[in-house]
Amino acid sequence: MSGYRDAVGQALAEGCRLGALYASGEVVRTVLVSTAGETRLAETPVVDGRVPSIVDLAPAAAWDEREAADLYDLDFDGHEPLRPLVDHDVDLESWTARVRGDDVHQVAVGPIHAGVIESGHFRLHVVGERVVHLDIRLFHKHRGLERAAEGSDAAGGIAFARRACAACAVSNSVAYAQAWEEALGLVSTPELARTRTILLELERLWSHLNDIGAICAGVGFAAGTASFSALTERARRLNAALTGHRFLFDTVSVGGSSVSLSVEDLAHARRELDALREDSRRAWRELLFNASFQDRLPDIGVVGAEDARALGAVGPAARASGLPDDARATSHRLAYDGFRSAAPRRTGGDVQARLEQRAVEVQQTFDLLEPLLADPVGPSATVRGAPEAGIGVGRVESPRGATVCVVERDHERIGRLHLRTGSYANWAVVAHSATGNLLPDFPLINKSFELCYACADR
């Protein structure tokens, strides 16, 4: 077992980051991702229901170990206290941190919210208006999608990954497809890579526009919310015009793509994208020159670079803290040749930086889509180019950060499926970002991440 911790420690020392940790039968496996985007696996057997913890080496593994402990009845030696995550013990003391001091009290938010969203419980420990600690409880509607996928073939299993989260349906599907293709020894052709990249960037476009509008809502700036909600709707309608579905469902398959875009389709897409680019710039200028809006953003919900790295932040949240990690830069199976992640004018790790990060990425997405949509898109397929393997790993940059999917084969069917999304990776970062802020700031901080609850409820 010490070899497992040594392998993880060595990988981290070489610059790798945690990609995922999960239990599979009598084994616990950890996915580590190098700076070049290559993945490696470290594993340890379960002995008498116990495995060594790695949270002291990789704090980002805390939720992963807690989930594995609940779902597979494991103890992680060294993870103290090992609080429940998926198992919702009714005892408040079992899942919240003990906070002591004069005038400390708790404010409970959820799990039922005013909006039409999944359930999530925020337990804020405060002194006056100052937040001293936040415990988050999700998994209220955990669907068991990973277990349900077991026994499915490659084509049937994609539905479980896609439906984990509608907002990241393409990202989850591409990660799943890439995992199976790696296990089957298949590689993408340039045309397939281009098709999937178009779909991923169309998904990123509407998602980022939506999230900018959500931050406006968190501030109470209704004009900004309305403007970016309208832009989001137009981006989703473009998706429907091109593929038949606003959220791009059923556009990704294992081993190929049936998406077809004609010259007329591309002409329509370019016209609408040009209009969206100009209108989004105009809407953004309204945000930039609204002083009361801008005054609410700086120095709230700060996550420094070191904390972001330790907690495993990914996506715009990580880049806004000064970490340039972006899976698109190392996505060899996709059409991101020469890609470099964009950055705002300041990477302060606060609400303002997270907002501006999305704004610069929206413009980058417009730039990426322009050459990708220059030629008609037709059906495409993978080709055989590598030996088969028992385990395949896919890693894709979703709108909220790197999503990792692992497929363990049982011959031609799924023996184990594990999906760790960008939202899942960032929830612990949200809890950290609330500390030290005022209670009325928390809704804005939460909106600046705009994570999916469904990704935990998978």
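So, how was this worked out
Residues numbered from 1 in each chain as written. Predicted model: local features only at pLDDT ≥ 70, side-chain atom pairs only at ≥ 80, totals over all residues. Heavy atoms only, no water. Helix = DSSP H or I, 4+ residues; strand = E, 2+ residues; numbered from the N terminus. Rg over C-alpha atoms; globule rule 2.2 N^0.38 Å. Buried < 20%, exposed > 50% of the residue type's maximum accessible area, 1.4 Å probe, protein only. Contact = heavy atoms within 4.5 Å. Areas by Shrake-Rupley, 256 points an atom, 1.4 Å probe, with all protein chains shown as cover. Lys, Arg positive; Asp, Glu negative; His and termini not counted. Charge placed at Lys NZ, Arg CZ, Asp CG, Glu CD. Pairing = 2+ DSSP bridges. Axes fitted to C-alpha atoms, helices over the stretch in contact; angles between N-to-C directions. Salt bridge = Lys/Arg side-chain N within 4 Å of Asp/Glu carboxyl O. Disulfide = S-S within 2.5 Å. Polar contact = N/O pair within 3.5 Å; in protein donor to acceptor, adjacent residues only side chain to side chain. Expected span 1.5 Å × (residues − 1). pLDDT = per-residue confidence, 0-100. Core = buried A, V, L, I, M, F, W, Y, C linked by side-chain atoms within 4.5 Å. Phe/Tyr/Trp six-rings, centres within 6.5 Å; stacked < 30°, edge-to-face > 60°.

Novice: Go over the overall build of the protein chain, please, and point to the residues and values.
Specialist: Helix and strand counts for the protein chain stand at 15 helices and 15 strands. On C-alpha atoms alone, the protein chain measures out to a radius of gyration of 22 Å, which is about the 23 Å that the 2.2 N^0.38 rule sets for 458 residues. Once the C-alpha set of the protein chain is aligned to its principal axes, its extents read approximately 65 × 60 × 40 Å. For the protein chain, the proportion of its 458 residues judged to be buried stands at 55%. Sequence-distant contacts in the protein chain: of pairs separated by 6 or more residues, those separated by 24 or more amount to 68%. With an accessible surface of roughly 18,000 Å², the protein chain has 51% of that area assigned to carbon and sulfur atoms. Between the averaged position of the 49 positive side-chain charges in the protein chain and that of its 63 negative side-chain charges there is a distance of 4 Å.

Novice: I'd love a proper account of the sheet that holds strand β13 (residues 391-398), names of residues and values included.
Specialist: Reading across from one edge, β13-β14-β15 is the order of the 3 strands in this open sheet, with antiparallel pairing throughout. Here the strands that pair on one side only, and so sit at the sheet edges, are β13 and β15 (413-420). Adjacent strand axes in the sheet meet at a mean angle of 15 degrees when their direction is disregarded. One ladder, built from 7 bridges, connects strand β14 (residues 401-410) with β15; its direction is antiparallel. Its bridge partner lying in β15, valine 404 is registered against arginine 420. Each of β13, β14 and β15 touches helix α6 (residues 169-184); the most contacted strand, β13, lies at about 150 degrees to it.

Novice: Please provide a residue-by-residue account of the side chain of aspartate 457, values included.
Specialist: With respect to the secondary-structure elements, aspartate 457 resides in the segment after α15 (442-449). Look at aspartate 457: it is buried, it has no salt bridge, and the nearest opposite charge is arginine 143 at 6.2 Å. Setting aside anything within four residues of it in sequence, one finds aspartate 457 in contact with Glu118, Ser119, Leu138, Phe139, His140, Lys141, His142 and Arg143.

Novice: Give a description of the pattern of salt bridges that names residues and reports values.
Specialist: All chains considered together, the criterion is met by 43 salt bridges. Two residues, arginine 420 and aspartate 64, come together in a salt bridge whose shortest N-O distance is 2.8 Å. Within this pair, whereas arginine 420 is found in strand β15, its partner aspartate 64 is found in helix α2 (residues 62-72), the two being separated by 356 residues in sequence. According to the relative accessible area criterion, arginine 420 is buried, its value standing at 7%.

Novice: A description of the state of the cysteines should follow, citing residues and the corresponding values.
Specialist: Across all of its chains, the model carries 0 disulfides by this definition. In this model cysteine 16 remains outside any disulfide bridge; the closest cysteine sulfur is found in cysteine 405, 20 Å from its own. Here cysteine 216 is not disulfide-linked; the sulfur of cysteine 452 is the nearest cysteine sulfur, at 19 Å. Take cysteine 216: its relative accessible area is 0%, and that puts it in the buried class.

Novice: Outline the side chain of aspartate 64, supporting the account with residue identities and numerical values.
Specialist: The exposure class assigned to aspartate 64 is buried, which follows from its relative accessible area of 2%. Within the structure, the side chain of aspartate 64 is placed 3.4 Å from the backbone nitrogen of leucine 21, a separation counted as a polar contact.

Novice: Quick rundown of helix α7 (residues 190-219)? Include the residues and the values.
Specialist: Taking 1.5 Å per residue, 30 residues should reach 44 Å; α7 reaches 43 Å between its end C-alpha atoms and fits that length. Counting buried residues in α7 gives 24 out of 30 residues, a clear majority hidden from the surface. Remark: glycine 220 follows α7 within two positions and exhibits a positive phi of approximately 90 degrees.

Novice: With reference to specific residues and values, describe the environment of threonine 365.
Specialist: Examined against the element boundaries, threonine 365 turns out to sit in helix α13 (residues 351-372). Separated by 349 residues in sequence, threonine 365 and cysteine 16 have C-alpha atoms that sit 27 Å apart. Excluding anything up to four places from it in sequence, threonine 365 contacts Glu201, Arg204 and Leu205.

Novice: Mind laying out the confidence of the model for the protein chain, listing which residues take part and the relevant values?
Specialist: For the protein chain, the mean per-residue pLDDT works out to 95, and 100% of the residues sit at or above 70. In the model of the protein chain, helix α3 (residues 92-95) stands out as the element of lowest mean pLDDT, 86, in contrast to α6, which has the highest, 98.

Novice: Please provide a residue-by-residue account of the environment of cysteine 405, values included.
Specialist: Of note, cysteine 405 is situated in strand β14. Accessibility expressed as a relative area gives 0% for cysteine 405, which makes it buried. In contact with cysteine 405, other than residues within four places in its own chain, are Ala175, Tyr176, Ala179, Gly392, Val393, Gly394, Leu417, His418 and Leu419.

Novice: How would you summarise the nonpolar core if you had to cite specific residues and measurements?
Specialist: Counting residues in each nonpolar core, the largest one holds 99 residues, and the members touching the most others are Tyr176 and Trp427. When residues in this core are grouped by element, the largest group, 10 residues, is from α7. Setting aside residues no more than four positions away along its own chain, tyrosine 176 makes contact with Asp153, Ala154, Gly157, Ile158, Ala161, Val254, Cys405, Val407, Ile414 and Leu417. Within the second largest apolar cluster, 19 residues are counted, among which are Ala23, Ala42, Val46 and Phe76.

Novice: Explain the packing of aromatic side chains residue by residue, including any values.
Specialist: Evaluation of the coordinates by the stated rule reveals 10 aromatic pairs. Taking 6.4 Å as the distance between ring centres and 75 degrees as the angle between the ring planes, the aromatic pair formed by phenylalanine 122 and tyrosine 453 counts as edge-to-face. Here tyrosine 453 lies in the segment after α15 and phenylalanine 122 lies in strand β7 (residues 121-127), a separation of 331 residues in the sequence. For the pair shown, phenylalanine 122 and tyrosine 453 are each scored as buried. Relative to phenylalanine 293, the ring of phenylalanine 221 has its centre 5.5 Å away and its plane inclined at 40 degrees; by these criteria the two rings are tilted. Separated by 72 residues along the polypeptide, phenylalanine 221 in the loop between α7 and α8 (222-243) and phenylalanine 293 in helix α10 (residues 291-295) bring together distant segments of the chain. On the accessibility criterion, phenylalanine 221 (18% relative accessible area) is buried. The exposure class of phenylalanine 293 is buried, given its relative accessible area of 1%. Three or more aromatic residues link up through ring pairs in this structure, and these residues are Phe122, Trp427, Phe442 and Tyr453.

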